[in-house]
Amino acid sequence: MRHTILRLSIWLIIGILLLGISAGDSAAQSSMTLVGYISILHGDPPANSNQPPQQFILLSDHNGMTLAQLDMDYAQALALLGREIRLTATVTGSGLPGTLTANLPALAVQTITPTGTNVALPAASGAYPWVNLLCKFKDVATVPTTDYNALFSATYPGVDHFWRQNSYNAVTLTGTTTDTMWRELPQPRSYYVPATGYANLDRLVTDCIAVSNASVNFALYKGINMMFNASLDCCAWGGSRWMTLDGLSKVWSVTWLPPWAQVYDYITHEMGHGFGLPHSSGPQVNPPSGLDIYISSWDVMSDSGGTCSVWDSFGCLPPGIIADHMTIAGWMPTNRRVTVPPGTGTTVTLERLRNPLSSVNPLMIKIPINGSSSHYYTVEARFRTSGQQDYDQNIPDTAVIIHDVLLGRGGWPGTNTGPALVVVDDPTAGSPGLVVNGEGARWKPGETFQDAAAGIKISVISQNASSFVVTVSNQVPGAPALTAPGSGATVTSAAPTFTWRAERYAAGYEIAVDTTSTFTSGAVITAQTTGTSYTAPVLAANRSYYWRVRTKIAGGSWSDWSTVSSFILNSPAAAAPLRTQLTTITPTLRWNLVNWAIGYKVEISRSASFSTVSDSQTVNGTNTLSLPTAPLANGLYYWRVCPQRANGTFGTCSSPDTFVINVP
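What counts, and at which threshold
Residues numbered from 1 in each chain as written. Predicted model: local features only at pLDDT ≥ 70, side-chain atom pairs only at ≥ 80, totals over all residues. Heavy atoms only, no water. Core = buried A, V, L, I, M, F, W, Y, C linked by side-chain atoms within 4.5 Å. Buried < 20%, exposed > 50% of the residue type's maximum accessible area, 1.4 Å probe, protein only. Helix = DSSP H or I, 4+ residues; strand = E, 2+ residues; numbered from the N terminus. Contact = heavy atoms within 4.5 Å. Pairing = 2+ DSSP bridges. Disulfide = S-S within 2.5 Å. Lys, Arg positive; Asp, Glu negative; His and termini not counted. Salt bridge = Lys/Arg side-chain N within 4 Å of Asp/Glu carboxyl O. Polar contact = N/O pair within 3.5 Å; in protein donor to acceptor, adjacent residues only side chain to side chain. Axes fitted to C-alpha atoms, helices over the stretch in contact; angles between N-to-C directions. 1 Å grid on protein atoms, 1.4 Å probe; cavity = no way out; pocket = protein on both sides within 12 Å on 5 of 7 lines; lining within 4 Å. Points joined across faces, edges and corners; volume = space filled by probe spheres on them. Nonpolar A, V, L, I, M, F, W, Y, C, P; charged D, E, K, R; others polar. Parallel < 35°, antiparallel > 145°, perpendicular 65-115°, else oblique. Left-handed = near helix turned anticlockwise from the far one by under 90°.

Considerations on the nonpolar core
Thought 1: By size, the foremost hydrophobic cluster in this structure holds 37 residues, and its most contacted members are Val-159 and Trp-163.
Thought 2: Elements supplying a minimum of two residues to this core: β7 (130-136), α3 (148-151), α4 (159-166), α7 (264-274) and α8 (323-329).
Thought 3: Sorting elements by how many residues they give to this core places α7 first, with four residues.
Thought 4: The contacts of Trp-163, once residues within four sequence positions are left out, are Val-171, Leu-173, Thr-268, Met-271, Gly-272, Phe-275, Ile-321 and Trp-331.
Thought 5: Counting residues in each nonpolar core, the second largest holds 34 residues, with Leu-58, Val-193, Leu-232 and Val-254 among its members.

Things to note about the sheet that holds strand β21 (residues 399-406)
Thought 1: One open sheet accounts for six strands, arranged β14-β22-β21-β20-β19-β17; its pairing is mixed. The sheet is open, and its two borders are formed by β14 (280-281) and β17 (337-339), each paired with just one other strand.
Thought 2: Summarising the sheet, strand β19 (residues 364-368) and strand β20 (residues 375-382) pair through four bridges and their orientation is antiparallel. Residue pairing in the sheet places Ile-365 in a bridge with Val-379 of β20.

A closer look at the state of the cysteines
Thought 1: Counted under the stated rule, the structure contains four disulfides.
Thought 2: Two residues, Cys-234 and Cys-235, share a disulfide whose sulfurs are 2.0 Å apart. Here the disulfide of Cys-234 and Cys-235 is left-handed, its torsion about the S-S bond being about -95°.
Thought 3: Accessibility expressed as a relative area gives 4% for Cys-234, which makes it buried.
Thought 4: What pairs with Cys-642 in a disulfide is Cys-653, and their sulfur atoms sit 1.9 Å apart. Disulfide Cys-642-Cys-653: torsion about the S-S bond near 100°, hence right-handed. Linking Cys-642 in strand β39 (residues 635-644) with Cys-653 in the loop between β39 and β40 (657-661), this pair joins segments that are 11 residues apart in sequence.
Thought 5: What makes Cys-642 buried here is its relative accessible area of 1%.
Thought 6: Judged by its relative accessible area of 31%, Cys-653 falls in the partly exposed class.
Thought 7: Taking only the cysteines that form disulfides and numbering them from first to last, the chain has the pattern 1-2, 3-4, 5-6, 7-8.

Notes on the side chain of Asp-299
Thought 1: Position of Asp-299 among the secondary structure elements: in the loop between β14 and β15 (311-312).
Thought 2: For the buried Asp-299, which has no salt bridge, the nearest side chain bearing the opposite charge is Arg-382, at an N-O separation of 6.5 Å.
Thought 3: Only 2.6 Å separates the side chain of Asp-299 from the side chain of Ser-280, close enough to count as a polar contact.
Thought 4: One polar contact links Asp-299 to His-325, side chain to side chain, over a distance of 3.2 Å.
Thought 5: Dropping the residues within four chain positions of it, Asp-299 is found in contact with Ser-280, Ser-304, Pro-319, Gly-320, Ile-321, Ile-322 and His-325.

Remarks on unusual backbone geometry
Thought 1: The omega torsion of the bond from Tyr-156 to Pro-157 falls at 0°, within 30 degrees of zero and hence cis.
Thought 2: Among the structural elements, Pro-157 can be located in the loop between α3 and α4.
Thought 3: At the junction of Ala-484 and Pro-485, the peptide bond is cis and its omega measures out at 0° in the coordinates.
Thought 4: Along the chain, Pro-485 turns up in the loop between β26 (482-484) and β27 (489-491).

Here's the deal with the environment of Gly-82
Thought 1: Position of Gly-82 relative to the elements: it lies in the loop between α2 (74-79) and β4 (84-94).
Thought 2: For Gly-82, a relative accessible area of 1% translates into the label buried.
Thought 3: As for Gly-82 and Gly-387, which are separated by 305 residues in sequence, their C-alpha atoms are 40 Å apart.

Here we look at the sheet that holds strand β18 (residues 344-351)
Thought 1: Spatial ordering of the open sheet is given by β18-β25-β24-β23, a layout of four strands whose pairing is antiparallel. With one partner strand each, in any of the chains shown, β18 and β23 (448-451) form the two edges of the open sheet. Within this sheet the neighbouring strands show an average axis-to-axis angle of 15°, counted without direction.
Thought 2: In terms of strand pairing, β18 meets strand β25 (residues 467-474) through eight bridges, oriented antiparallel. When the bridges of β25 are listed, Gly-345 appears paired with Ser-473.

Notes on α4
Thought 1: Counting buried residues in α4 gives seven out of eight residues, a clear majority hidden from the surface.
Thought 2: Listed in full, the buried residues belonging to α4 are Val-159, Asp-160, His-161, Phe-162, Trp-163, Gln-165 and Asn-166.
Thought 3: Buried residues in α4 make contact with α3, β8 (171-172), α7 and α8.
Thought 4: Of the residues one or two after α4, Tyr-168 is the one with positive phi, at around 55°.

Observations concerning the pattern of salt bridges
Thought 1: Overall, the coordinates contain 15 salt bridges when judged by the stated rule.
Thought 2: Close ionic contact of Arg-409 with Asp-404 constitutes a salt bridge, the shortest N to O distance being 3.2 Å.
Thought 3: For the salt bridge of Lys-444 with Glu-439, the shortest nitrogen-to-oxygen distance reads 3.8 Å.
Thought 4: Three or more residues joined by partner-sharing salt bridges are found here, namely Arg-354, Glu-380, Arg-382 and Asp-392.

Let's talk about empty space enclosed by the protein
Thought 1: In total, this model carries three cavities of 30 Å³ or more according to the counting rule given.
Thought 2: Volume-wise, the largest cavity comes out at about 50 Å³.
Thought 3: Around the largest cavity, the lining residues are Ile-40, His-42, Tyr-74, Leu-78, Leu-81, Gly-239, Ser-240, His-273, Gly-276, Leu-277 and Pro-278.
Thought 4: Elements supplying a minimum of two residues to the lining of the largest cavity: β1 (32-44), α2 and β12 (236-245).
Thought 5: For the lining of the largest cavity, a count of residues per class yields six nonpolar, five polar and no charged.

Here we look at the packing of α4 against α7
Thought 1: Direction vectors running N to C along α4 and α7 enclose 55°, while the axes themselves pass 10 Å from each other. The orientation of α4 relative to α7 falls into the category oblique. Here α4 runs over α7; the crossing is right-handed. For the pair α4 and α7, contact is made by Val-159, Phe-162 and Trp-163 and by Tyr-264, Ile-267, Thr-268, Met-271 and Gly-272, respectively.
Thought 2: Here the contact of α4 with α7 is built from residues that sort into six nonpolar, two polar and no charged.

This is how it looks when you write it as structure tokens:
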């Protein structure tokens, strides 16, 4: 009685608001607060029916009765599927005329918050038993003769076997049963299905469960397939619903299946919606809408029969599920996914998605677009395995398939395509169905997809027995552009500063300076820095120098070198002479002896602070050190000597002195 009073109160509030709207009173669109459960229902028409699909985001009460149609973000609805929520909304009118929600208020959601009650759609893992209810209309005598136990078999090609293979055995339909007989609904078909418009799914599920309840313990199941003996409306329907059955209150996966949908491909498609999976479609540029969304033969959640080149008495064997949907369902192992964040690149041996032979090769590549967590590419390997017990027998070909995934895309109102769209090389090469399944969508060895705007490149290198080798580059930084000193410039500073433009996602840079354009003089100055400038040590005057820079990439690899730039170093008019100019790259250093020292440590550095030591050597009982094994590049050096005690420790080091290597 409490739920009935609550529902009547809600309808009273909504009715008052609707009266205000019909009278033209905009003030009536004030906010209202409701508590209930979100569900998404997908209505899918038969192939070649010339009817559009349907999709509704609904709010239900604690008894499972539908209260309203919600206008809200599709991605948010998916995330809150089956959760109890509290929302504020305004009434914008009634549901779309002639649709499932025609007699329901339409609410524009303003805020939405999950409550503490978590009764969300159960995770699709482990045993996930469904019960198949057989419900016939009071005025329709003929019933299907389908062998549902065989159709749902755990051996190939049964529905249970399909979900086992496509989830890598993460989910089974163990415990699934079919009611023992057809149960007659209390009303004729016209009570549930009006002459125009759409079936009343509330009435159908309420009465079908009621007539089956005496013989079915619903507490044993997670999903409910309702088989009817006549068409419902445009569609077969799939989704989820909060209900209390046999003392158990929770979210159930639910399908409504007319006779034409009681076959392999349609059942698995609607059960996919029951698992929380959306549609997919394509192409990624100017995607289709309305009648044309069910065109991708790569996914049971699009063209559910695929190419239908393999079929049996239960209809077309469905193709498998795309990688992104496997991730949504939680079936893609985390250790078999590779994410390529911006600034990185990698080469992957990508194992086939269905029946993988390797237990270690990645099964999926995810490439965030501009670092987004909601917009990304996925890459998967699909093998058309004719003659095997494999559900990819009905895909168009063996190839690498790329999807452009944008969370929230393809919901209501909108195209209903789902977030994932097949990427093709030329979306204008024909009809959407032709290009999505044709050669333009089949990325094979020697072919490269490039998103120049996002800086992403996906290249298929080769094909193996059960895999493809794929190289991915996601905004990998290139060689920087050099800015100063400009090519051919004359520089007067003996310690010039070099600058270059920053590369996005660079992990650092390396600069090389030499007196030859081939950087082979043996006196090359090299240094690494995280910035975009570098000040060189003192260089010898009156000669030409060449310099170049390359970018360090995350992971430790390097870009190509930049173009080579040159400059001439001349002494300025007021320049002071440099001390101790040496014309050898292996100088001999000398110092006075200390009578107690048993040896000396000689340190050489580019910096007066000796923060980085270029060379450090220890000699015994002598005051001379030659450097034949450590040739030095041209420039200014600092050096000091530290005397060594008999116990091995060192005394006070000398003050630094300098010398300049100036080899032509």
